[in-house]
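# Report on the structure
For reference, the chains in residue letters:
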Amino acid sequence: MVRVGVVGHRWLEDVATSAFVASRCHDYLRSVSADARPVVALSALAAGSDTLFAQAAVALGIPLSAVRPFDSYADDFSTATARHAYGELWSRAERQVPLAYRSRSEEAYRAAMRWVAERSDVLLAIWDGRPTAQTGGTADTVAHARALGRRILHIVPAERRVAVHG
């Protein structure tokens with residue numbers, strides 16, 4: 001079995017950037033699923049990159065395991081469209097993992113991102129590559145995945161570039 005997880009930007013610059021990210025997620029998941037081993041997709045289903053990845057997995061018939069960082073996570077989505085996409089993907093997940101956090105916090109996000117990274121054989125990191133001080137963000141999670149020796153497929157949306165690490 002190959003477990004493919006995702007972390008990444010919530011806000012992508014424009015429609016073309018979103019289309020690039022969706023295409024790379026779909027292409028990568030399709031190529032991995034072409035092997036004889038089964039594939040499982042892991043995501044926190046956040047708006048943006050996570051949603052595009054999870055939608056690609058569902059479209060390809062790849063089982064989805066979703067983690068919910070905190071009880072009121074659905075309220076964290078800023079638009080009705082994003083909330084609807086989250087609800088749809090959560091309901092389609094074959095495995096739903098609600099974490100024990102009651103409300104939004106850096107700790108809850110960090111726990112969810114680590115849940116994804118620690119269970120992934122390959123981590124799709126969809127972000128600009130810039131370090132930040134934010135606990136539980138993409139840079140923090142990628143550093144954790146690197147420390148674990150995970151293979152990382154780094155998709156840089158604005159540059160339309162993909163790099164493989166590990």
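Presented here is an overview of the structure given in this document. (Residues numbered from 1 in each chain as written. Predicted model: local features only at pLDDT ≥ 70, side-chain atom pairs only at ≥ 80, totals over all residues. Heavy atoms only, no water.)

### Some remarks on the pairing of strand E2 (residues 39-43)
Most of E2 is tucked away: 5 of the 5 residues are buried. Side chains of E2 alternate between two faces, with Val39, Ala41 and Ser43 and Val40 and Leu42 buried alike. As paired strands, strand E1 (residues 2-8) and E2 are joined by 4 bridges and run parallel to one another. Bridge assignment links valine 4 to a residue of E2, and that residue is alanine 41. After leaving E2, the chain enters helix H2 (residues 49-59) and then returns to the sheet as strand E3 (residues 64-70), a path that is right-handed. (Buried < 20%, exposed > 50% of the residue type's maximum accessible area, 1.4 Å probe, protein only. Helix = DSSP H or I, 4+ residues; strand = E, 2+ residues; numbered from the N terminus. Pairing = 2+ DSSP bridges. Right-handed = clockwise from strand over helix to strand, strands pointing away.)

### Notes on the packing of helix H4 (residues 106-119) against helix H5 (residues 138-147)
H5 packs onto H4 with a crossing angle of 35 degrees between their chain directions and a minimal axis gap of 10 Å. Relative to H5, H4 is oriented so that their crossing is right-handed. Residues Arg110, Met113, Arg114, Ala117 and Glu118 of H4 touch H5, and the partners they reach there are Asp140, Thr141, His144 and Ala145. (Axes fitted to C-alpha atoms, helices over the stretch in contact; angles between N-to-C directions. Left-handed = near helix turned anticlockwise from the far one by under 90°. Contact = heavy atoms within 4.5 Å.)

### What to know about the sheet that holds E2
The strands making up a sheet associate through hydrogen bonds between their backbones, and the pairing can be parallel or antiparallel. Read across the open sheet, the 7 strands follow the order E4-E3-E2-E1-E5-E6-E7; overall the sheet is mixed. Only two strands of the sheet have a single partner each, and these edge strands are strand E4 (95-101) and strand E7 (161-165). Between one strand and the next, the sheet's axes are offset by a mean angle of 20 degrees, whatever the strand orientation. Examined bridge by bridge, strand E6 (residues 151-156) and E7 share 5 bridges and lie antiparallel to one another.

### Structural notes on the packing of H2 against helix H3 (residues 80-92)
Contact geometry for H2 and H3: axes closest at 11 Å, N-to-C directions at 45 degrees. The angle between H2 and H3 falls in the class oblique. Crossing of H2 over H3 shows left-handed handedness. Contacts between H2 and H3 involve Thr51, Ala54, Gln55 and Val58 on the former and, on the latter, Ala85, Leu89 and Arg92. Residues that form the contact of H2 with H3 fall into these classes: 4 nonpolar, 2 polar and 1 charged. (Parallel < 35°, antiparallel > 145°, perpendicular 65-115°, else oblique. Nonpolar A, V, L, I, M, F, W, Y, C, P; charged D, E, K, R; others polar.)

From the geometry alone we can't say anything about function, so treat these as descriptive.
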